[in-house]
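Analysis of the macromolecular model
These are the residues of each chain, in order.
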Amino acid sequence: MTNAEEIEIRIKSVDQLFNSLDPAPFRERELDREAERHIVAYAREVAASQPIKLVIYLPPATLEPPLATELEDAIGHHFAHQAREQETELSELRRLGRKGLAVGLLVMLFATLVGVALTNAFPDSRFIETIEHSLIIFGWVALWRPIEILLYDRWPLIRARKLFQRLAGAPVVVRAATAN
């Protein structure tokens, strides 16, 4: 992975990377919000085809040989969990969209049938013609949001899930920080 885009993180201790209130074991701990925000912000700027590598700079005194592997596991676990959460959100959004679409189609069908029945009952009435057109517009409005959910609202979740999956698989390199 020679051409990987490096996302650099300079910290004084490993504890700065993780949420201090999370009681989970090291490998399963969640990242600190600011650390995650920093990583995600830089990762968004990297082209999807470009591999990502996380480089963590620590003071030389805190470096231990298995630290890179432990950090890679912990960070990978965190972002894999985030990707699964995005998948859950996406599934919920799809379910909501399908349910809304079914309701919208029923409303559209009802509005169309009522409009046609009114037009057949009063064929020469301009007022009834206006009511029929209004009912059709109402039916389309009932379909608007479900269609918007199914066509457009899912894309940010899909992009986030893909980004988290990329970050979950990103190698982590631990380097000694140099004094500035």
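These figures come from a predicted structure and were not determined experimentally.

Rules behind the numbers
- Residues numbered from 1 in each chain as written.
- Predicted model: local features only at pLDDT ≥ 70, side-chain atom pairs only at ≥ 80, totals over all residues.
- Heavy atoms only, no water.
- 1 Å grid on protein atoms, 1.4 Å probe; cavity = no way out; pocket = protein on both sides within 12 Å on 5 of 7 lines; lining within 4 Å.
- Points joined across faces, edges and corners; volume = space filled by probe spheres on them.
- Helix = DSSP H or I, 4+ residues; strand = E, 2+ residues; numbered from the N terminus.
- Nonpolar A, V, L, I, M, F, W, Y, C, P; charged D, E, K, R; others polar.
- Phe/Tyr/Trp six-rings, centres within 6.5 Å; stacked < 30°, edge-to-face > 60°.
- Buried < 20%, exposed > 50% of the residue type's maximum accessible area, 1.4 Å probe, protein only.
- Lys NZ or Arg CZ within 6 Å of the ring centre and 35° of its normal.
- Pairing = 2+ DSSP bridges.
- Axes fitted to C-alpha atoms, helices over the stretch in contact; angles between N-to-C directions.
- Patch = residues over 30% accessible without salt bridge, like charges linked within 9 Å, V, L, I, M, F, W, Y side chains within 5 Å.
- Areas by Shrake-Rupley, 256 points an atom, 1.4 Å probe, with all protein chains shown as cover.
- Salt bridge = Lys/Arg side-chain N within 4 Å of Asp/Glu carboxyl O.
- Core = buried A, V, L, I, M, F, W, Y, C linked by side-chain atoms within 4.5 Å.
- pLDDT = per-residue confidence, 0-100.
- Parallel < 35°, antiparallel > 145°, perpendicular 65-115°, else oblique.
- Contact = heavy atoms within 4.5 Å.

Okay, the layout of surface pockets next. Taken as a whole, the largest pocket encloses approximately 150 Å³ of empty space. Every residue along the wall of the largest pocket is listed here: Ala43, Arg44, Val46, Ala48, Arg159, Ala160, Lys162, Leu163 and Arg166. Sorting the residues of the lining of the largest pocket by element identifies α1 (33-44) and α3 (126-168) as the ones contributing at least two each. Residues of the lining of the largest pocket, tallied by class, amount to 5 nonpolar, no polar and 4 charged.

In this section: the packing of aromatic side chains. The tally for this structure, following the rule as stated, stands at 1 aromatic pair. Note on phenylalanine 79 and phenylalanine 164: the rings are 5.9 Å apart at their centroids and 20° apart in plane angle, and the pair reads as stacked. Of this pair, phenylalanine 79 sits in helix α2 (residues 67-121) while phenylalanine 164 sits in helix α3, and the two are 85 residues apart along the sequence. Taken individually, phenylalanine 79 and phenylalanine 164 each receive the classification buried, so the pair is uniform in this respect. Just above the ring of tyrosine 57 sits the side chain of arginine 10; from NZ or CZ to the centre is 4.1 Å.

A few words now on the sheet that holds strand β2 (residues 52-58). Taken in spatial order, the 3 strands line up as β1-β2-β3 in an open sheet, and their pairing is parallel. Every other strand in the sheet has two partners, leaving β1 (5-10) and β3 (172-176) as the edge strands with one partner each. Taken over all neighbouring pairs, the strand axes of this sheet differ in orientation by 25° on average, direction set aside. With 5 bridges joining them, β2 and β3 adopt parallel strand pairing. Bridging across to β3, leucine 54 finds its partner in valine 172.

Judged by side-chain polarity, Leu106, Leu109 and Leu113 come together as a nonpolar surface patch covering roughly 320 Å² of accessible area. Following the sequence through the fold, leucine 109 ends up in helix α2.

Counting residues in each nonpolar core, the largest one holds 28 residues, and the members touching the most others are Leu17, Ile56, Leu71, Ile75, Phe79 and Leu167. Among the secondary structure elements, those contributing two or more residues to this core are β1, α1, β2, α2 and α3. Top element by residues in this core is α2. It accounts for 6 residues. Listed in part, the 5 residues of the second largest apolar core include Leu90, Ile149, Leu157 and Ile158.

With that settled, consider the confidence of the model for the protein. Residues with a pLDDT of 70 or more make up 93% of the protein, whose mean pLDDT is 89. Here β3 stands out as the element of the protein with the lowest mean pLDDT, 85, in contrast to α3, whose mean of 95 is the highest.

The angle between the axes and the distance between the axes are what describe a pair of packed helices. Between α1 and α2, the least distance of the axes is 13 Å, while the angle of their chain directions is 75°. When the axes of α1 and α2 are compared, the pair comes out roughly perpendicular. Seen from α1, the contacting residues are Glu36, Ile39 and Val40; seen from α2, they are His78, Phe79 and Gln82. Classifying every residue of the contact of α1 with α2 by side-chain character gives 3 nonpolar, 2 polar and 1 charged.

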